[in-house]
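A closer look at the structure
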Amino acid sequence: MANILHIDTSPRGERSISRALTSEFVTSWKDTHSGVNVTYRDLGRNPVPHVDESWIAAAFTPVEAHTPELTEAIKVSNELVDEFLAADYYVFGVPMYNLSIPSTFKAYIDQIVRVGRTFAITENGYQGLVDSSKKVLIITSRGGTFPPGTPYEVYDQQEPYLRILLGFIGLTDVTFIHADSLNLGDEPRQKSLAAAKDAIAQLVNNW
Ligand SMILES: Cc1cc2nc3c(=O)[nH]c(=O)nc-3n(C[C@H](O)[C@H](O)[C@H](O)COP(=O)(O)O)c2cc1C
């Protein structure tokens, strides 16, 4: 049984490109692979809480010393981490918002990047605790385009950030498919969407 954690982060519904593309990938994956279990989380419509003072106190206090208040404060995070670690594959739909990721996705990341659960601090430095054989697919949607080697490359604070962040917790097998140029006119938009759909079709058979 392969467990996929499928997360959408766009607040848009039918009009969301990232949502449509992650759905296309997961549907095709299920159609072509047996024994697939999908856990779906819709952060665009059901965001998780931001971390707060009691969350931080709980995260950095040994579990044995947790008061009932601290146990409660870290409960949602524990559930999210358990769900995250139970997955073998990750499919994330992530729009570019102001050069980076939607704040709903950042709130989720703050909940699941936890010392002692998804990373450790050792005498040799930081160590990711998530099994590095697990695969991540991130499908982004962007109004513009930020090709490597152009002056616009530095505006992409989405892929570099997510690669470093996921690597920090151990996940290094990360594939990006960018549906970009979405607000640059019909032709660039259609070309990019077709390329993204091709990439999805190829990955379904080779992931
Ligand atoms: C608040 C906001 C900020 C955005 N910032 C950027 C940006 O910095 N760069 C970009 O290329 N597109 C930007 N866009 C355009 C979106 O990335 C684009 O519309 C994308 O299709 C949204 O994803 P969705 O279709 O899955 O909802 C922004 C859109 C919104 C609503």
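No experiment lies behind these values; they were computed from the predicted model shown.

About the cut-offs
Residues numbered from 1 in each chain as written. Predicted model: local features only at pLDDT ≥ 70, side-chain atom pairs only at ≥ 80, totals over all residues. Heavy atoms only, no water. Helix = DSSP H or I, 4+ residues; strand = E, 2+ residues; numbered from the N terminus. Rg over C-alpha atoms; globule rule 2.2 N^0.38 Å. Near = heavy atom within 4 Å. Polar contact = N/O pair within 3.5 Å; in protein donor to acceptor, adjacent residues only side chain to side chain. Areas by Shrake-Rupley, 256 points an atom, 1.4 Å probe, with all protein chains shown as cover. Nonpolar A, V, L, I, M, F, W, Y, C, P; charged D, E, K, R; others polar. Patch = residues over 30% accessible without salt bridge, like charges linked within 9 Å, V, L, I, M, F, W, Y side chains within 5 Å. Salt bridge = Lys/Arg side-chain N within 4 Å of Asp/Glu carboxyl O. Buried < 20%, exposed > 50% of the residue type's maximum accessible area, 1.4 Å probe, protein only. Contact = heavy atoms within 4.5 Å. Arc of directions from axis to C-beta. Pairing = 2+ DSSP bridges. Axes fitted to C-alpha atoms, helices over the stretch in contact; angles between N-to-C directions. Phe/Tyr/Trp six-rings, centres within 6.5 Å; stacked < 30°, edge-to-face > 60°.

This part is about the overall build of the protein chain. A count of helices and strands for the protein chain gives seven helices and seven strands. When the helices and strands of the protein chain are placed in sequence order, the string is β-α-β-α-α-α-β-α-β-β-β-α-β-α. Taken over C-alpha atoms, the radius of gyration comes to 18 Å for the protein chain, in line with the 17 Å a tight globule of 207 residues would show. For the protein chain, the spread of C-alpha atoms along the three principal axes comes to 60 × 40 × 35 Å.

Now for the site of the ligand. Surveying the vicinity of the ligand reveals 18 residues, the closest of which are Ser10, Ser16, Ser18, Met96 and Leu99. A distance of 2.7 Å separates an oxygen atom of the ligand from a polar backbone atom of methionine 96. Protein coverage of the free-state accessible area of the ligand, which is 630 Å², stands at 75%. Partitioned by chemical class, the residues of the shell around the ligand number seven nonpolar, eight polar and three charged.

Taken together, the side chains of Leu99, Tyr152, Val154 and Tyr155 make up a nonpolar region of the molecular surface, amounting to roughly 390 Å² of accessible area. Within the secondary structure, valine 154 sits in the loop between strand E6 (135–141) and helix H6 (159–168). Looking at valine 154, the relative accessible area reads 59%, which means it is exposed.

Of note, glycine 143 is situated in the loop between E6 and H6. Between the C-alpha atom of glycine 143 and that of leucine 166, which follows or precedes it by 23 residues, the distance is 24 Å. Sequence-distant contacts of glycine 143, defined by excluding residues within four places in its chain, comprise Ser181, Leu182, Asn183 and Leu184.

Once that is clear, we can look at H6. Three or more residues of H6 are buried, namely Glu159, Leu162, Leu165 and Leu166. When H6 is viewed along its axis, its buried side chains cluster within an angular range of 135 degrees and face the same direction. In this structure, the buried side of H6 is in contact with helix H5 (103–112), E6 and strand E7 (173–179). Phi turns positive one or two residues past the end of H6, at glycine 170, with a value near 115 degrees.

Backbone hydrogen bonds hold the strands of a sheet together, and the pairing may be parallel or antiparallel. Ordered by their spatial adjacency, five strands build an open sheet running E2-E1-E3-E6-E7, and the pairing between neighbours is parallel. Edge strands, defined here as strands with exactly one partner in the open sheet, are strand E2 (36–42) and E7. Each adjacent strand pair in this sheet contributes to an overall mean axis angle of 15 degrees, direction not counted. Looking at chain direction, strand E1 (residues 2–8) and strand E3 (residues 89–95) are connected through five bridges and run parallel. Looking across to E3, one finds that leucine 5 is bridged to tyrosine 90. Its contacts with the sheet place helix H1 (residues 17–32) against E1, E2, E3, E6 and E7, and it is angled at close to 160 degrees to E3.

To continue, consider the packing of aromatic side chains. When we look at a pair of aromatic rings, we describe it by the centre distance and by the angle of the planes. All chains considered together, the criterion is met by 13 aromatic pairs. With a centroid separation of 5.3 Å and an interplanar angle of 90 degrees, the aromatic rings of phenylalanine 25 and tryptophan 207 are classed as edge-to-face. Taken together, the residues phenylalanine 25 in helix H1 and tryptophan 207 in the segment after helix H7 (186–206) connect sequence positions 182 residues apart. Judged by relative accessible area, phenylalanine 25 falls into the buried class, the value being 0%. When its relative accessible area of 13% is taken as the criterion, tryptophan 207 is described as buried. Ring plane angle 45 degrees and centroid distance 5.0 Å describe the contact between tyrosine 89 and tryptophan 207, whose orientation is recorded as tilted. One end of the pair, tyrosine 89, is in strand E3; the other, tryptophan 207, is in the segment after H7, with 118 residues separating them in the sequence. Feature note: the residues Phe84, Tyr90, Phe92, Phe105 and Tyr108 constitute an aromatic cluster, connected by ring pairs.

These figures capture arrangement, not role.
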